[in-house]
Amino acid sequence: MTTRTIVRAVVRGSLRDIHHVTAVPPNRAGGEVARVYARAEREFGVLAPPLALHSSAPGPLAACWLLLSRTLLTEGRVGRAVKEAVATEVSRANSCPYCVDIHQAAVDTLPRPTPDTPGAEAAAWLRSGAGQGEPAPFGAGETAEIIGVALTFHYLNRMVNVFLDDSPVPAPAALRGPILRAVARTMRPAGGSLDTDADDDLLPGAPLPSELRWAKAAPAVADALARSVAAVEHAARWVPHPVRALLTDRLADDGEGAPGPGRARLEAALAGLREPDQRAIGRIALLTAFSAQQLTGADVAAFREHHPGDRELVELTSWAALRTAVVVAGRLAAPPPRIRHPKPSSDPLSC
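Numbering of residues starts from 1 in each chain and follows the order in which that chain's sequence is written. Residues qualify for local features only when their pLDDT is at least 70, as the model is predicted, and side-chain atom pairs are given and counted only at 80 or more; totals for whole chains, interfaces and linings, by contrast, use all residues. Hydrogens and water are ignored here; the side-chain numbers use all heavy atoms of the structure.

An unreviewed UniProt entry annotates the chain as Alkylhydroperoxidase of Streptomyces alkaliphilus.

See the structure below:
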């Protein structure tokens, strides 16, 4: 039995550790879910829980895979090692230890970029306060690829913090590192190279939203973002307009989406939603966007009083996480002037 086979079996077993929803088991998957599962194991090496947690909602599942495939896994102007460093840095900034563990291990197993490697300073740029007034110090194509990875992980970090534990390996620290590096070595295409055209049939083509125009310099990234945003928006078309407007307003007030609100500020922000159903939906949406770690079983139970299935919970969290990721990516691509007016202290979700 090969190391890849053992790691795949262990990772598949960890699908039972997903909270709030039940992942579709691989041996019961069909249709779109089965296609995504098969491509993930072929192109990513494993069926990772952050992907499988989407499986009750085929549209967001395909969107999540397409984002990962076209931003992190595809070699473009920027290589995999730089992209893994970006994924790690974004995950660390979002306090997502699960993703930090996985992607730091990937960094540790890849050749270290040299100073002249395209995008070599991407992680340092993010650490230094990217989006705070200085444009990215890279070419347009490199910048689009780097921000594409950042967008994907601003999305995934929120989903992981809602549905998964703090570490993918519940083991002592002395054992965790070697296990994670073994998993990271498995996170490679089974045939040695990524089939960049294989996913074209997963989601229909879609126009690129104007807020993502920064991605045009990297056509593969732009195409994946357009398809993914359209798929998630379509899946979440049932989300009431007042909830959509509330999240939009909160993101406009605090484009970076962190840190999250306290419970008092959260409930104050929900006060304008008069229907219990809308408040339950809005609570999940705002927590996912601003403080996914604070989302509890009680929040999910209140939501399930009105929407008992797994699919709508995944559709809602996916929509809120992706809307937030798009806003944050926009700030990285077009940072505002450094001089900014302070927010009024009465804003219930100001940070």
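Next comes the rest of the account.
Engineer: So what's going on with the packing of helix α11 (residues 241-253) against helix α15 (residues 310-333)? Which residues, and what values?
Structural biologist: Interhelical geometry of α11 versus α15 gives an angle of 30° and a closest axis separation of 11 Å. In this view, α11 runs roughly parallel relative to α15, as classed from their interaxial angle. Every pair of crossing elements has a handedness; the one defined by α11 and α15 is right-handed. Across the interface between the two elements, Val243, Arg244, Leu247 and Leu251 of α11 pack against Trp319, Ala320, Arg323, Thr324 and Val327 of α15. Looking at the contact of α11 with α15, its residues break down into 6 nonpolar, 1 polar and 2 charged. To get an axis, fit a line to the C-alpha atoms, keeping to the stretch in contact for a helix; angles then go from 0 to 180 degrees between the N-to-C directions. Going along the chain from the N terminus, every DSSP run of H or I of four or more residues is numbered as a helix, and every run of E of two or more is numbered as a strand. We call two directions roughly parallel when the angle between them is under 35 degrees, roughly antiparallel when it is over 145, roughly perpendicular when it lies between 65 and 115, and oblique otherwise. Whether a crossing is left-handed or right-handed is set by the direction in which the near helix is turned from the far one by less than a right angle, anticlockwise for left-handed and clockwise for right-handed. Should any heavy atoms of two residues lie within 4.5 Å, those residues are considered in contact. Residue classes follow a fixed rule: Ala, Val, Leu, Ile, Met, Phe, Trp, Tyr, Cys and Pro count as nonpolar, while Asp, Glu, Lys and Arg count as charged, and any other residue, Gly among them, counts as polar.

Engineer: Account for the packing of aromatic side chains, with residues named and values stated.
Structural biologist: We call Phe, Tyr and Trp rings a pair once their centres come within 6.5 Å, taking the six-membered ring for Trp, and we label the pair stacked below 30 degrees between planes, edge-to-face above 60, and tilted otherwise. The full count for this structure, using the stated rule, is 2 aromatic pairs. Between Trp125 and Phe138, the ring centres sit 5.8 Å apart and the planes meet at 90°, which makes this aromatic pair edge-to-face. In this pair, Trp125 is assigned in helix α7 (residues 122-127) and Phe138 in the loop between α7 and α8 (140-163), connecting sequence segments 13 residues apart. Like Phe138, Trp125 is buried. Here Trp238 and Phe303 contribute two aromatic rings whose centre-to-centre distance is 6.4 Å and whose plane-to-plane angle is 45°, an arrangement assigned as tilted. Linking Trp238 in the loop between α10 (219-235) and α11 with Phe303 in helix α14 (residues 297-304), this pair joins segments that are 65 residues apart in sequence. In this scheme, a residue with accessible area under 20% of its type's maximum is buried, one over 50% is exposed, and one in between is partly exposed, where area comes from a 1.4 Å probe on protein chains only. Given the relative accessible area of 24%, Trp238 is considered partly exposed.

Engineer: Give a detailed account of α11, specifying residues and quantitative values.
Structural biologist: One fewer than the residue count of a helix, multiplied by 1.5 Å, yields its expected span. A rise of 1.5 Å per residue sets the reference length of α11, with its 13 residues, at 18 Å; its end C-alpha atoms lie 18 Å apart and thus fit the reference within 8%. Check the buried side of α11 and you find it contacts α12 (263-269), α13 (276-290) and α15.

Engineer: Quick one: what's the story with the pattern of salt bridges, residue by residue and with numbers?
Structural biologist: By definition here, a salt bridge exists when the distance from a side-chain nitrogen of Lys or Arg to a carboxyl oxygen of Asp or Glu is within 4 Å. Tallying each qualifying case throughout the model produces 16 salt bridges. A salt bridge links Asp201 to Arg39; the shortest N-O distance between them is 2.8 Å. Taken as a pair, Asp201 in the loop between α9 (173-186) and α10 and Arg39 in helix α2 (residues 31-43) lie far apart in primary sequence, 162 residues in all. Two residues, Glu89 and Arg127, come together in a salt bridge whose shortest N-O distance is 2.9 Å.

Engineer: Before we move on, can you summarise the side chain of Thr317 with the specific residues and values?
Structural biologist: Relative to the elements of secondary structure, Thr317 occurs in helix α15. You can call Thr317 buried: its relative accessible area is 0%. N or O atoms closer than or at 3.5 Å make up a polar contact, with two conditions inside protein: a donor-capable atom paired with an acceptor-capable one, and, for residues adjacent in sequence, both atoms drawn from side chains. Side-chain polar atoms of Thr317 contact the backbone oxygen of Leu313, separated by 2.8 Å. In this view, Thr317 contacts Met159, Val162, Phe163, Ile284 and Thr288; residues no more than four positions away in its chain are not counted.

Engineer: Outline the environment of Glu134, supporting the account with residue identities and numerical values.
Structural biologist: Inspection of the secondary structure assignment puts Glu134 in the loop between α7 and α8. Note on Glu134: relative accessible area 45%, which makes it partly exposed. It is 9.0 Å that separates the C-alpha atoms of Glu134 and Leu332, two residues lying 198 residues apart in sequence.

Engineer: How would you summarise the nonpolar core if you had to cite specific residues and measurements?
Structural biologist: Joining through side-chain atoms within 4.5 Å is the link that ties buried Ala, Val, Leu, Ile, Met, Phe, Trp, Tyr and Cys residues into a set, and such a set is a nonpolar core. Judged by nonpolar contacts, the single largest core of 100 residues is most densely connected at Trp125, Leu151, Tyr155, Trp214 and Trp319. It is α8 that contributes the most residues to this core, 13 residues altogether. In this structure Leu151 touches Leu212, Trp214, Leu225, Leu322, Ala325, Val326 and Ala329, once residues within four positions along its chain are discounted.

Engineer: So, empty space enclosed by the protein: which residues are in play, and what are the values?
Structural biologist: We place a 1 Å grid over just the protein atoms. Points where a 1.4 Å probe fits but has no way out form a cavity, open points with protein on both sides within 12 Å along at least 5 of 7 lines form a pocket, and any residue with an atom within 4 Å of a point lines it. Grid points are joined across faces, edges and corners, and a volume is the space filled by probe spheres set on the points. For the structure on display, the rule yields 1 cavity of 30 Å³ or more. Approximately 40 Å³ is the volume found for the largest cavity. Lining the largest cavity are Val229, Val232, Glu233, Trp319, Leu322, Arg323 and Val326. Of all the secondary structure elements, the ones that give two or more residues to the lining of the largest cavity are α10 and α15. A total of 4 residues in the lining of the largest cavity trace back to one element, the largest contributor, which is α15. Looking at side-chain class alone, the lining of the largest cavity contains 5 nonpolar, no polar and 2 charged residues.

Engineer: Tell me what's going on with the confidence of the model for the chain, and back it up with residues and numbers.
Structural biologist: Along the chain, pLDDT gives the predictor's confidence residue by residue, from 0 to 100. Taken residue by residue, the chain gives an average pLDDT of 86. The fraction at 70 or more is 80%. Taken as a whole, residues 255-259 scores under 50 in pLDDT and shows 16 contacts with residues more than four places along the chain or in a different chain. Considering only residues more than four positions removed or in separate chains, one finds that residues 344-348, a stretch of pLDDT under 50, has 9 contacts.

Engineer: Got a sec to walk through the state of the cysteines? Specific residues and values, please.
Structural biologist: In this description, a disulfide is simply a cysteine sulfur pair whose atoms lie within 2.5 Å. The tally for this structure, following the rule as stated, stands at 0 disulfides. Cysteine Cys64 is unpaired, with the sulfur of Cys99 as its nearest cysteine sulfur at 9.8 Å. Taking the relative accessible area as the measure of exposure, Cys64 reaches 1% and is therefore buried. In this structure Cys99 is a free cysteine whose sulfur lies 3.4 Å from that of Cys96, the closest cysteine sulfur available.

Engineer: Any details on the packing of α14 against α15? Residues and values, ideally.
Structural biologist: Following both chains from N to C, one finds α14 and α15 inclined at 115°, their axes separated by 11 Å at the closest point. Once α14 is placed against α15, the crossing between them reads as right-handed. Here Val300, Phe303 and Arg304 of α14 lie close against α15, whose contacting residues are Asp310, Glu312, Leu313 and Leu316. By residue class, the composition of the contact of α14 with α15 is 4 nonpolar, no polar and 3 charged.

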